[in-house]
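Close look at the chain arrangement
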Number of protein chains: 4
Amino acid sequence: MGEDKKEGIIEAALKLFEEQGYHNTKVSDIVREAGVAQGTFYLYFKSKEDLFRSIAESCLDEMAVAIKRNCSGSVKEESFYRMMLETLEVYYDNKSILKILNRHGAASSEIEDISNAFYRRIMLVIKQSLMEWGAFPNYSEAQLEVAAYSKIGMVEMVAYQYFIVQHYDKSHIEAIAQVLAGSKAQCPPKPTDVVDE
Amino acid sequence: MGEDKKEGIIEAALKLFEEQGYHNTKVSDIVREAGVAQGTFYLYFKSKEDLFRSIAESCLDEMAVAIKRNCSGSVKEESFYRMMLETLEVYYDNKSILKILNRHGAASSEIEDISNAFYRRIMLVIKQSLMEWGAFPNYSEAQLEVAAYSKIGMVEMVAYQYFIVQHYDKSHIEAIAQVLAGSKAQCPPKPTDVVDE
Amino acid sequence: MGEDKKEGIIEAALKLFEEQGYHNTKVSDIVREAGVAQGTFYLYFKSKEDLFRSIAESCLDEMAVAIKRNCSGSVKEESFYRMMLETLEVYYDNKSILKILNRHGAASSEIEDISNAFYRRIMLVIKQSLMEWGAFPNYSEAQLEVAAYSKIGMVEMVAYQYFIVQHYDKSHIEAIAQVLAGSKAQCPPKPTDVVDE
Amino acid sequence: MGEDKKEGIIEAALKLFEEQGYHNTKVSDIVREAGVAQGTFYLYFKSKEDLFRSIAESCLDEMAVAIKRNCSGSVKEESFYRMMLETLEVYYDNKSILKILNRHGAASSEIEDISNAFYRRIMLVIKQSLMEWGAFPNYSEAQLEVAAYSKIGMVEMVAYQYFIVQHYDKSHIEAIAQVLAGSKAQCPPKPTDVVDE
DNA sequence: AATGAATGAGCGTTCATTCAT
DNA sequence: TATGAATGAACGCTCATTCAT
């Protein structure tokens, strides 16, 4: 039953942080949303920032694990397209944390560190794949890292622009991945029922 | 004379926002740093957020103008490399605002809108260039937009990782641009005196 | 068996109150120290203050009884010296409660009343003795009371200064009592290994 | 005008601390009593405890100065009687702080230190006088210190019992001092209009 | 224009107490 | 009797903003 409450607090916080950002969300908002008392919050988290750190940590870890699982070892023909696709899907599934961190910032240097560690982790996965594929045979390690970071940047920016700013749903992922992979497949036009706000 | 004070406040704020973020910087910090009185702040800015908006607006506008100037019309051989290089340089010169927005977030939906408008503006510049170059002759408008956003994502991520997280100086810009442009030139090894923290 | 737990709580509280004072000691500290659950506390005490009252009451009562026993009826030569000595010993043996009340206060008017009643009780014992000894044959009742209170003040201040502030051990009690009694016996020099802090 | 507010806060705090004790007095009580805003409090004091420390420090310092001024150098016939009288008067005039510290405790180890330093300071003044008077020619330094502390204890206890618990007014000071000095003068009976509570 | 003392709404956190098991 | 998760009222403190000078 205790873990139920903890889960409820995390879910409430995730929702509110996404909607209004970390600084605009009060602990009182979170506990009201979660249906628990003010004091209950502090049974499970040392502080509001501790909650955020905990959420960021677990979400980013989950993302890193998923990306690693999806992107490693697949040395097939369309490898790069698949990597983009799988990574986009992970970003889609975790757009809450993406939105929170991108729109509202890290809120503390500890969370910043966690975020930076996340990027480094993904970068290493991608660098590893690039090496295994022999994609850039004459690149140095340092160059491969730049290339890997640039792939992350591509995915993150389009994920942010299309999933968050423009509210695209999952049906466009493949078309977007094809563009990122350099393929020429048709990218469907922006749906008319989805308006930028 | 009044404009001197306004400039002083802006500079102080830019410095402090970069060092500690928007939410950790108090108006009292800004006026102390600027050497003016508390009340003077409100002669020039409606609120703390108004100051941030004003800073974000002008910095991003400056960046957009610089990128447009540097990236438009240059239909030469190494066009894409030049675009990456020029854009990286603009990012380097404006790494303060980049750091503030990436690390600490937008702090209000108005600033978010400004930020999104900035990306859209840059995207249009790049899309225009891609069209002029005939880089992707059979891409639809929508696909070109995805491609353009992905370029911005590349630049922004590497600019963040190398200029901000790893404190690279300007001397590495060309090498990084070459990787982003897909060139094979040697990327200089990470300087030993610069450590990731 | 329940009384074991009650005793444990009282001992834990006495220890913690002495170390950190009443206000700095949480009920959760006490139950942790006593090794019982939070709720158990309220089986034995109405409230945290009720516990303190209970402790103060029983300690002060014990002291009053001891002082009365030691100081009454002994109409011998060195009467006054013996009174000072015996009282100092009682204070020494109860320096915990002395420290709590002197350093950290009464914490409620009820406890204040208990403390005041204690002093009045001791005062009456001493007044009685003074009368029996004929120490101040021409003093009025009121004057004897002032004299009695002044004796208590003497003992309490030196007990506080030497037993609590300066951590003197029992071996100096006689020397101190001699000074209080106006005797000329040698007061041993302050031990060098005990430093005022 | 700023110092007016600071004074107002100090006076309000002194009054409320005396009436209800440090822990029962909220900052909101103090500012309401002083007629200033909540934030104004923190213009003049770092914290609630800082205010208490500041009050304790200045009151005790004032007392120490007054006692030293009154008790030093007067090597006349009735020296000891005068010392008791003057000291009682200082205690009477500062019964607020006496009441606060005795009834409600020191509230922090820093304030405890200030209090202990006060006692030591007074003790040294009294010891000095005892030496100058040749009151105890064959006492060691250590014995003189015990004697000095015992004098302070006498005064403090009777001051507490008569000025605070029993609300005696200034008219009884001389009679009390005579008893403390060992004189035989008549101590007036307890006034009937003043009741112990 | 410039000042800086004053404001007060608002928030994160604590902790004595309760109650279902 | 014993537990310990849950409660919620209460408080110290912050800081963006105002305004009399």
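No experiment lies behind these values; they were computed from the predicted model shown.

**Focus: the protein's contact with DNA strand E**
Near DNA strand E, the surroundings consist of 33 residues, among which B:Thr40, B:Tyr44, C:Val27, D:Thr40 and D:Tyr44 are the closest. When atoms of DNA strand E within 4 Å of the protein are sorted by moiety, sugar and phosphate together comprise 65%. Within the backbone of A:Lys48, an N or O atom sits 3.1 Å from a phosphate oxygen of DNA strand E. A distance of 2.2 Å is found between a phosphate oxygen of DNA strand E and a side-chain nitrogen or oxygen belonging to D:Tyr44. Put simply, the parts of the chain that give the surface near DNA strand E at least two residues each are helix 3 (38-44) of chain A, helix 1 (2-20) and helix 3 (38-44) of chain B, helix 3 (38-44) of chain C together with helix 1 (2-20) and helix 3 (38-44) of chain D.

**Focus on the domain arrangement of chain A**
All names here are of chain A. Domain annotation of chain A identifies domain 1 (1-45) and domain 2 (48-197). At the boundary of domain 1 with domain 2, total buried surface from both sides reaches about 1400 Å², with 73% on carbon and sulfur atoms. Our count for the contact surface shared by domain 1 and domain 2 stands at 0 salt bridges. Scanning the region where domain 1 abuts domain 2 turns up 4 residue pairs in polar contact (both at pLDDT 80 or more).

**A few points about the packing of aromatic side chains**
All names here are of chain A. Under the counting rule described, the total for this entry stands at 40 aromatic pairs over all chains. Here the aromatic rings of Phe41 and Phe45 are separated by 5.7 Å at their centres, their planes lie at 45 degrees, and the arrangement is tilted. The exposure class of Phe45 is buried, given its relative accessible area of 3%. Among the aromatic residues, those joined into a ring-pair cluster are Phe17, Tyr22 and Phe52.

**As for the protein's contact with DNA strand F**
Close to DNA strand F lie 33 residues, the nearest being A:Thr40, A:Tyr44, C:Thr40, C:Tyr44 and D:Lys26. If you look at DNA strand F and keep only atoms within 4 Å of the protein, 65% of those are sugar or phosphate atoms. Contact between DNA strand F and A:Thr40: a phosphate oxygen at 2.4 Å from a side-chain N or O atom of the residue. Take D:Tyr42: an N or O atom from its side chain is 3.0 Å from a phosphate oxygen of DNA strand F. Taken together, the residues that form the surface near DNA strand F break down as 13 nonpolar, 14 polar and 6 charged.

**A short note on the environment of B:Lys170**
All names here are of chain B. Looking at where Lys170 falls in the secondary structure, it is placed in the loop between helix 8 (141-165) and helix 9 (173-180). A relative accessible area of 38% places Lys170 in the partly exposed class. Separated by 62 residues in sequence, Lys170 and Ser108 have C-alpha atoms that sit 32 Å apart. Apart from the residues within four sequence positions on either side, Lys170 is in contact with Glu89, Tyr92 and Asp93. Within the structure, the side chain of Lys170 is placed 3.3 Å from the side chain of Asp93, a separation counted as a polar contact.

**So, the packing of helix 4 (residues 48-71) of chain B against helix 5 (residues 79-93) of chain B**
Residues and elements named next belong to chain B. Contact geometry for helix 4 and helix 5: axes closest at 9 Å, N-to-C directions at 160 degrees. Classed by the angle they form, the pair helix 4 and helix 5 counts as roughly antiparallel. In terms of crossing hand, the pair formed by helix 4 and helix 5 is right-handed. Facing Met63, Ala66, Ile67, Asn70 and Cys71 of helix 4, the residues of helix 5 in contact are Met83, Glu86, Thr87, Val90 and Tyr91. Per-class residue counts for the contact of helix 4 with helix 5 are 7 nonpolar, 2 polar and 1 charged.

**Considerations on the interface of chain C and chain D**
Listed by partner, the interface residues are 44 residues for chain C and 45 residues for chain D. Together chain C and chain D conceal approximately 3500 Å² of surface at their shared face, both sides included; 57% is due to carbon and sulfur atoms. On inspection of chain C and its partner chain D, the count reaches 2 salt bridges. Taking the shortest distance from any N to any O, the salt bridge between D:Arg103 and C:Glu112 comes out at 2.3 Å. If you look at where chain C meets chain D, you find 9 residue pairs in polar contact (both at pLDDT 80 or more). Elements that contribute at least two residues to the side of chain C that touches chain D include exactly helix 6 (95-104), helix 7 (109-133), helix 8 (141-165) and helix 9 (173-180) of chain C. In terms of residue count, helix 8 of chain C provides more of the side of chain C that touches chain D than any other element does, 17 residues in total. Residues of the side of chain C that touches chain D, tallied by class, amount to 22 nonpolar, 15 polar and 7 charged.

**Quick word on the relation of the copies chain A and chain B**
Structural alignment of chain A on chain B gives an RMSD of 0.1 Å, achieved by rotating through 180 degrees and translating 0.0 Å along the axis. Accordingly, the operation relating the two chain copies is best matched by a two-fold axis. Both copies present the same face, since 95% of the interface residues in chain A are matched by interface residues at the equivalent positions in chain B.

**Quick word on helix 5 (residues 79-93) of chain D**
What sets the pattern is the α-helix's 3.6 residues per turn: residues three or four places apart point alike. All names here are of chain D. Taking 1.5 Å of rise per residue, the 15 residues of helix 5 would be expected to cover 21 Å, and the 21 Å separating its terminal C-alpha atoms lies within 8% of that figure. With 11 of 15 residues buried, helix 5 lies mostly within the body of the structure. Here helix 5 has its buried residues at Ser79, Tyr81, Met83, Met84, Leu85, Glu86, Thr87, Leu88, Val90, Tyr91 and Tyr92.

**Quick word on a negative patch on the surface**
All names here are of chain A. On the surface, Glu3, Asp4, Glu7 and Glu11 cluster together to form a negatively charged patch. With respect to the secondary-structure elements, Glu11 resides in helix 1 (residues 2-20). In this structure Glu11 comes out as exposed when scored by relative accessible area, which is 53%.

**A few points about the nonpolar core**
Soluble globular proteins tend to pack their nonpolar side chains together in the buried interior. Counting residues in hydrophobic clusters, the biggest one holds 142 residues, and the most contacted among them are C:Leu51, C:Leu88, C:Tyr91, D:Leu51, D:Leu88 and D:Tyr91. Counting residues in each nonpolar core, the second largest holds 140 residues, with A:Phe17, B:Leu60, B:Phe118 and B:Tyr160 among its members.

**Section: the interface of chain A and chain B**
Accessible area lost during the coming together of the parts is what is often quoted as the interface size. Residue-level contacts link 44 residues of chain A with 43 residues of chain B. Carbon and sulfur atoms make up 57% of the area that chain A and chain B hide from each other, which totals about 3500 Å². Between chain A and chain B we count 2 salt bridges in total. Inspection of the region where chain A meets chain B yields 9 residue pairs in polar contact (both at pLDDT 80 or more). Secondary-structure elements contributing two or more residues to the side of chain A that touches chain B are helix 6 (95-104), helix 7 (109-133), helix 8 (141-165) and helix 9 (173-180) of chain A. Top element by residues in the side of chain A that touches chain B is helix 8 of chain A. It accounts for 17 residues. For the side of chain A that touches chain B, the per-class residue count stands at 23 nonpolar, 15 polar and 6 charged.

Criteria and thresholds
- Residues numbered from 1 in each chain as written.
- Chains lettered and ligands numbered in written order.
- Predicted model: local features only at pLDDT ≥ 70, side-chain atom pairs only at ≥ 80, totals over all residues.
- Heavy atoms only, no water.
- Near = heavy atom within 4 Å.
- Polar contact = N/O pair within 3.5 Å; in protein donor to acceptor, adjacent residues only side chain to side chain.
- Helix = DSSP H or I, 4+ residues; strand = E, 2+ residues; numbered from the N terminus.
- Domains from an automatic or database assignment.
- Buried area = accessible area lost by both parts, 1.4 Å probe.
- Salt bridge = Lys/Arg side-chain N within 4 Å of Asp/Glu carboxyl O.
- Phe/Tyr/Trp six-rings, centres within 6.5 Å; stacked < 30°, edge-to-face > 60°.
- Buried < 20%, exposed > 50% of the residue type's maximum accessible area, 1.4 Å probe, protein only.
- Nonpolar A, V, L, I, M, F, W, Y, C, P; charged D, E, K, R; others polar.
- Contact = heavy atoms within 4.5 Å.
- Axes fitted to C-alpha atoms, helices over the stretch in contact; angles between N-to-C directions.
- Parallel < 35°, antiparallel > 145°, perpendicular 65-115°, else oblique.
- Left-handed = near helix turned anticlockwise from the far one by under 90°.
- Least-squares fit on C-alpha atoms with pLDDT ≥ 70 in both.
- Expected span 1.5 Å × (residues − 1).
- Patch = residues over 30% accessible without salt bridge, like charges linked within 9 Å, V, L, I, M, F, W, Y side chains within 5 Å.
- Areas by Shrake-Rupley, 256 points an atom, 1.4 Å probe, with all protein chains shown as cover.
- Lys, Arg positive; Asp, Glu negative; His and termini not counted.
- Charge placed at Lys NZ, Arg CZ, Asp CG, Glu CD.
- Core = buried A, V, L, I, M, F, W, Y, C linked by side-chain atoms within 4.5 Å.

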